[in-house]
2 protein chains.
Amino acid sequence: MSSTTQKRATRKSPAERAAEITEAARGIALEQGLSAITLRNVASRVGVASGLVAHYQPNVDALVAGTFTAIVAAETEEVAGMLAALPGPVERLAFLLGTLMDGSRLDVTAVWVEAWTLGRRNEALAGCVREQMDAWQAVLQRVVEDGVAGGHFDTGDLEAGDAASLAWQILGMIDGLTAQSLVRWGGVSDRGTHLARAVEGMVGAARGSLQVSAR
Amino acid sequence: MSSTTQKRATRKSPAERAAEITEAARGIALEQGLSAITLRNVASRVGVASGLVAHYQPNVDALVAGTFTAIVAAETEEVAGMLAALPGPVERLAFLLGTLMDGSRLDVTAVWVEAWTLGRRNEALAGCVREQMDAWQAVLQRVVEDGVAGGHFDTGDLEAGDAASLAWQILGMIDGLTAQSLVRWGGVSDRGTHLARAVEGMVGAARGSLQVSAR
DNA sequence: AGCATTATTGATCGTATGATCAACAAGCTT
DNA sequence: AAGCTTGTTGATCATACGATCAATAATGCT
């Protein structure tokens, strides 16, 4: 009938088509969640038959796992890049807390939380989740170690190697608070203030040093 | 054939049957997750036709929401009860941190995390989640307020009413750390130690006062 | 004992999912 | 231009889900 009705999708190179598919899956995950990634859903977003999506992916579980990694790894790298531009560990930690808590990445947070649950029934995804958690932890650990080495942080009587443990702890706190904001918006004033104070206590930084400056 | 083959389930009173169904749903949620609650799954666990489950519940979403509330409310009440038996706010806060982090309630934690995601597509569940979060927060807020009033905690320059905010914050931290332990077991040593130190920093308690004593 | 009530069944409908594969056609090579 | 490679289709299968409801049988009441 109308010219807009396209019977058959234009033939594209495998690389290009594969990119379209992973990009569509990414969009769906961010907008509707990882569990909304289905063969038909992705296919219709690309404008293609469902069979084609299956053709480019071994199975749906793999597509979900890959999409999770793509989304989360991009965020980690982006933040890590911004950290590198900052002068010292104190600024980096303060920036980290401020950025992750500002609510501008709720969609990514939702993906994280859903992945925790889905990993129970998707082994490939579970592995990716652990990988990405490790990546985040590594970034944080580096900052903590630098701070201790430079004398900005004081972990007191804690042994060496506790930087790893501390990094996990801080990461968990951030995760919990961002996940909370997924469900509960109001109620908490001064999110950043409290978290900063808590972390200051943990790493032995000067009170107020991790405070996010109002910009 | 065999005497074990029961054609028809023994007829029971509505109250009794309803209890069986909610109990079955509870077991499924704890063992396999909230999303494993289906009419057929619950029915087979009770040993009954799927239609009967539907007969006792308006719809599956409601059963899921109700099951979430039952599981989580029971935990809150149990912990609140134990808190009441403790002498003061410092002991209560220390106990709270210690108990929630000891890994003995991972199944309940999994239910929490899944509910955060499922609430996106189940409005009734979303409401229950908010309710139960409020209940937890109220318990924590009470402890914090008592501690401030008794001079055990010192929130410094923070205004009154920040006890609410502090309670939310501590709750979020606990949630995140327990959720983390759902996926990642190793890696963190001294979970309790770090958390205790963080919270001590937040509420202005004496260092070590919230430390969980090795029992 | 007979009857009315109601707990219980299980088949059925509509929908959605992942996976598979023979058939088709677009584009490249010869 | 002919032929071959391969990207693409869409129908199909097996499975699972929530929901519905007429039929059935057990219980309690008269």
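In this text, all values refer to a predicted model and were calculated from it rather than measured experimentally.

Details of the overall build of chain A
When you go through chain A residue by residue, the secondary structure sums to nine helices and zero strands. Reading the secondary structure of chain A in the N-to-C direction produces α-α-α-α-α-α-α-α-α. For chain A, the proportion of its 215 residues judged to be buried stands at 38%. Relative to all contacts within chain A whose residues are 6 or more apart in sequence, the contacts with residues 24 or more apart total 68%.

Section: the protein's contact with DNA strand D
For DNA strand D, the set of nearby residues contains 25 residues, the closest of which are Ala9(A), Gly51(A), Thr38(B), Gly51(B) and Asn59(B). Ranked by residues supplied to the surface near DNA strand D, first place goes to helix 3 (residues 50–56) of chain A with four residues. Split into classes, the residues belonging to the surface near DNA strand D amount to eight nonpolar, nine polar and eight charged.

Regarding the nonpolar core
One finds Phe68(A), Val199(A), Phe68(B) and Val199(B) to be the most contacted residues of the largest nonpolar core, which totals 110 residues. Those residues in contact with Val199(B) that lie beyond four places of it in its chain are Leu93(B), Leu97(B), Ile170(B) and Leu210(B).

A few points about the domain arrangement of chain A
All names here are of chain A. The domains assigned to chain A are domain 1 (11–57) and domain 2 (60–203). Contacts between domain 1 and domain 2 engage 12 residues on the former and 15 residues on the latter. Within the side of domain 1 that touches domain 2, the residues separate by chemical class into six nonpolar, five polar and one charged.

Comments concerning helix 7 (residues 123–149) of chain A
Residues and elements named next belong to chain A. Taking 1.5 Å per residue as the helical rise, helix 7 with its 27 residues ought to reach 39 Å, and the 39 Å between its terminal C-alpha atoms agrees with that figure. Those residues of helix 7 not exposed but buried are Leu125, Cys128, Val129, Met133, Trp136, Gln137, Leu140, Val143, Val144, Gly147 and Val148. Among the residues trailing helix 7, glycine 151 stands out with phi positive, at a value near 80 degrees.

What about the relation of the copies chain A and chain B?
Screw-axis analysis of chain A against chain B gives a translation of 0.0 Å along the axis, an RMSD of 0.0 Å, and a rotation angle of 180 degrees. The operation mapping one copy onto its partner corresponds to a two-fold rotation axis. Rotation axis and chain A: the residue whose C-alpha lies nearest the axis is Gly176(A), separated from it by 1.6 Å. Comparing contact sets, 100% of the residues at the interface of chain A also lie at the interface in chain B, consistent with an isologous, same-surface contact.

What to know about the interface of chain A and chain B
Listed per partner, the contact involves 36 residues of chain A and 36 residues of chain B. At the level of elements, helix 6 (106–118), helix 7, helix 8 (162–183) and helix 9 (191–203) of chain A are the ones that each hand at least two residues to the side of chain A that touches chain B. Tallied by class, residues from the side of chain A that touches chain B come to 16 nonpolar, 12 polar and eight charged.

Here's the deal with the protein's contact with DNA strand C
Around DNA strand C, the surrounding shell holds 25 residues, and the nearest of these are Thr38(A), Gly51(A), Asn59(A), Ala9(B) and Gly51(B). Taken together, the elements giving at least two residues each to the surface near DNA strand C come down to helix 2 (39–46) and helix 3 of chain A together with helix 1 (14–32) and helix 3 (50–56) of chain B. Looking at the surface near DNA strand C residue by residue, the class counts come to eight nonpolar, nine polar and eight charged.

Quick word on the environment of Gly147(A)
Residue and element names in this part refer to chain A. Considering the arrangement of structural elements, one finds glycine 147 in helix 7. Judged by C-beta crowding, with 22 C-beta atoms within 10 Å, glycine 147 ranks as buried. In this structure, the C-alpha to C-alpha distance between glycine 147 and glycine 88, residues 59 residues apart in sequence, is 7.8 Å. Sequence-distant contacts of glycine 147, defined by excluding residues within four places in its chain, comprise Pro89, Val90, Leu93, His152, Phe153 and Val203.

Digging into the environment of Ala163(B)
Residues and elements named next belong to chain B. With respect to the helices and strands, alanine 163 occurs in helix 8 (residues 162–183). Here the alpha-carbon distance between alanine 163 and alanine 15, two residues 148 residues apart in the chain, equals 42 Å. Apart from the residues within four sequence positions on either side, alanine 163 is in contact with Gln141, Val144, Glu145 and Val148.

With respect to the packing of helix 6 of chain A against helix 6 (residues 106–118) of chain B
Their axes nearest at 9 Å, the elements helix 6 of chain A and helix 6 of chain B cross at an angle of 130 degrees. Classified by the angle their axes make, helix 6 of chain A and helix 6 of chain B are oblique. Of the two elements, helix 6 of chain A crosses helix 6 of chain B, and the hand of that crossing is left-handed. Between helix 6 of chain A, through Val113(A), Glu114(A), Trp116(A) and Thr117(A), and helix 6 of chain B, the contact on the second element is made entirely by Val113(B), Glu114(B), Trp116(B) and Thr117(B). Along the lines of polarity and charge, the residues of the contact of helix 6 of chain A with helix 6 of chain B split into four nonpolar, two polar and two charged.

Thoughts on the packing of helix 4 (residues 60–84) of chain A against helix 6 of chain A
All names here are of chain A. At their nearest, the axes of helix 4 and helix 6 sit 11 Å apart, and the two run at 140 degrees to each other. Considered as vectors, helix 4 and helix 6 are oriented oblique to each other. When you trace helix 4 past helix 6, the crossing you get is left-handed. For the pair formed by helix 4 and helix 6, the contact residues are Val64, Phe68, Ile71, Val72 and Glu75 on the first element and Val108, Val111, Trp112, Ala115 and Leu118 on the second. Class assignment of the residues belonging to the contact of helix 4 with helix 6 gives a composition of nine nonpolar, no polar and one charged.

How each quantity is defined
- Residues numbered from 1 in each chain as written.
- Chains lettered and ligands numbered in written order.
- Predicted model: local features only at pLDDT ≥ 70, side-chain atom pairs only at ≥ 80, totals over all residues.
- Helix = DSSP H or I, 4+ residues; strand = E, 2+ residues; numbered from the N terminus.
- Buried ≥ 20, exposed ≤ 12 C-beta atoms within 10 Å, placed from the backbone.
- Contact = placed C-beta atoms within 7 Å.
- Near = placed C-beta within 6 Å.
- Nonpolar A, V, L, I, M, F, W, Y, C, P; charged D, E, K, R; others polar.
- Core = buried A, V, L, I, M, F, W, Y, C linked by C-beta atoms within 7 Å.
- Domains from an automatic or database assignment.
- Expected span 1.5 Å × (residues − 1).
- Least-squares fit on C-alpha atoms with pLDDT ≥ 70 in both.
- Axes fitted to C-alpha atoms, helices over the stretch in contact; angles between N-to-C directions.
- Parallel < 35°, antiparallel > 145°, perpendicular 65-115°, else oblique.
- Left-handed = near helix turned anticlockwise from the far one by under 90°.

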